Amino acid sequence: MPISNLEQLNAMHIDVLKEIGNIGAGNAATSLAQMMNSKVDMVTPVVRILDISEADNALGGPETLAVAILAELYGDIHGIMMFVISQGFTKALLKSLLNEEHSDCRRLSDMEKSALSEIGNIMISSYANSIATLSKLNIQISVPAVTSDMVGALLTVPAAEMGSVSDKIIFIQDDFITLNKTISADMLLIPDIDSLNTLMGSLGIEL
Amino acid sequence: MSELIVVNISDVKVAPNPSIFVTYALGSCVGICLYDPIVKSAGLAHIMLPSHPDEKPSSQIFRYADTCLPESVKLMEKFGCMRSRMTAKIAGGAKMFKVASDSAFGNIGQRNIEAVKKTLASLHIKILAEDTGADYGRTVYFNSQTGKMTVKSFAKGIKVF
């Protein structure tokens, strides 16, 4: 029976999403290491189905400044992926990509946005590819959009855009270790429910 | 002064004077401050989407502008407010992301603002002030003693309406 909202996902569905998260994060760590030109290790990602308000808190509270890179998924699956990074991680990325010390994530220049958009593109593609490879579905992603603002204001956008009937999102929490620092990066996956059913169906998972 | 009354996403809180309400980090969502200046009871609602889907009558009514506001007004009336005296101040409805390949993306904020205005008009509630649209997140405070709405953002700092 197809599910009609994210609350109906059972332990097995969550395991499948975890595996997708694992493969995606693995690919992402490799790409990230190439971009940053340094070794990047990863901790096994944690996949959770969270309320938006819980996700706010997991990211330091709704008013915490964060950078989000968002892309639309289309093809066989319709949805939104959003990659959320802290100020600390943003600074580390800009330092290694543009060799600049950045002090204020509230105001990003076009060059900085473009660099972060590229990182987001790589990260989102890593996950989208892991989903596509496992499910043999055709998944494309749009050119990413970058915004820095209150994390709470960013997190509600995908759910609102998808006209979601619930306040739940699929939250993949990744910790990457690079330059002896652990940096947190989070991937949000907000598929429309029909797409989630398509995905589980292609993976041969009983719904 | 009592503690801050926190309004979550898809939620409304109503309280007698004196109260200070807050709802954090509105993006495309809209915050609606309802007020009766005579009894000074106030309410703050945080809606996420414009209209309630017809086929799901049981789903959360406070998520949608068109179902949240009439219900919020009823809650206000329980605190002695009269609808004919009620006024509103609204904030939020931003377009947080610009997706280059999809110009329709991000219009949900605008649709939320329109739905809120339409619903308030149908309830004959006048909008005294608004801080809506643009491309940044807002935290909204509402003070029942003064009827003032304070909007806090990274982009514009603190503004009082």
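In this report, we go over the structure that sits alongside the text. (Residues numbered from 1 in each chain as written. Chains lettered and ligands numbered in written order. Predicted model: local features only at pLDDT ≥ 70, side-chain atom pairs only at ≥ 80, totals over all residues.)

**A few points about the sheet that holds strand 7 (residues 126–132) of chain B**
Residue and element names in this part refer to chain B.
Phase 1: Strand order in this open sheet of 5 strands is 2-5-4-6-7, and the pairing throughout is mixed. The sheet is open, and its two borders are formed by strand 2 (11–15) and strand 7, each paired with just one other strand. For this sheet the average axis-to-axis angle between neighbouring strands, irrespective of direction, equals 10°.
Phase 2: Relative to strand 5 (residues 42–47), strand 2 runs antiparallel, the two being bridged by 5 bridges. Each bridged residue has a counterpart across the sheet, and for K13 the counterpart in strand 5 is L44.
Phase 3: Lying on the sheet, helix 1 (residues 65–78) is in contact with strand 2, strand 4 (30–35) and strand 5; it crosses strand 5 at an angle near 165°. (Pairing = 2+ DSSP bridges. Helix = DSSP H or I, 4+ residues; strand = E, 2+ residues; numbered from the N terminus. Axes fitted to C-alpha atoms, helices over the stretch in contact; angles between N-to-C directions. Contact = placed C-beta atoms within 7 Å.)

**Some details on the nonpolar core**
Phase 1: The biggest cluster of nonpolar side chains holds 109 residues, and the ones touching the most others in it are M81, F83, V84, I170 and L188 of chain A together with I47 of chain B.
Phase 2: Among the elements that line this core, the one with the most residues is helix 4 (residues 110–135) of chain A, at 8 residues.
Phase 3: Each residue touching M81 of chain A, except ones within four places of it in the same chain, is listed here: A71, L73, I124, Y127, A128, M187, L188 and L189 of chain A. (Core = buried A, V, L, I, M, F, W, Y, C linked by C-beta atoms within 7 Å. Buried ≥ 20, exposed ≤ 12 C-beta atoms within 10 Å, placed from the backbone.)

**Re the interface of chain A and chain B**
Phase 1: Contact residues are listed per partner, giving 25 residues for chain A and 27 residues for chain B.
Phase 2: Where the side of chain A that touches chain B is concerned, the elements lending two or more residues are helix 2 (52–58), strand 2 (65–75), strand 5 (145–150) and helix 5 (151–161) of chain A.
Phase 3: The element that contributes the greatest number of residues to the side of chain A that touches chain B is helix 5 of chain A, accounting for 8 residues.
Phase 4: The residue inventory of the side of chain A that touches chain B, partitioned by class, reads 13 nonpolar, 6 polar and 6 charged. (Nonpolar A, V, L, I, M, F, W, Y, C, P; charged D, E, K, R; others polar.)

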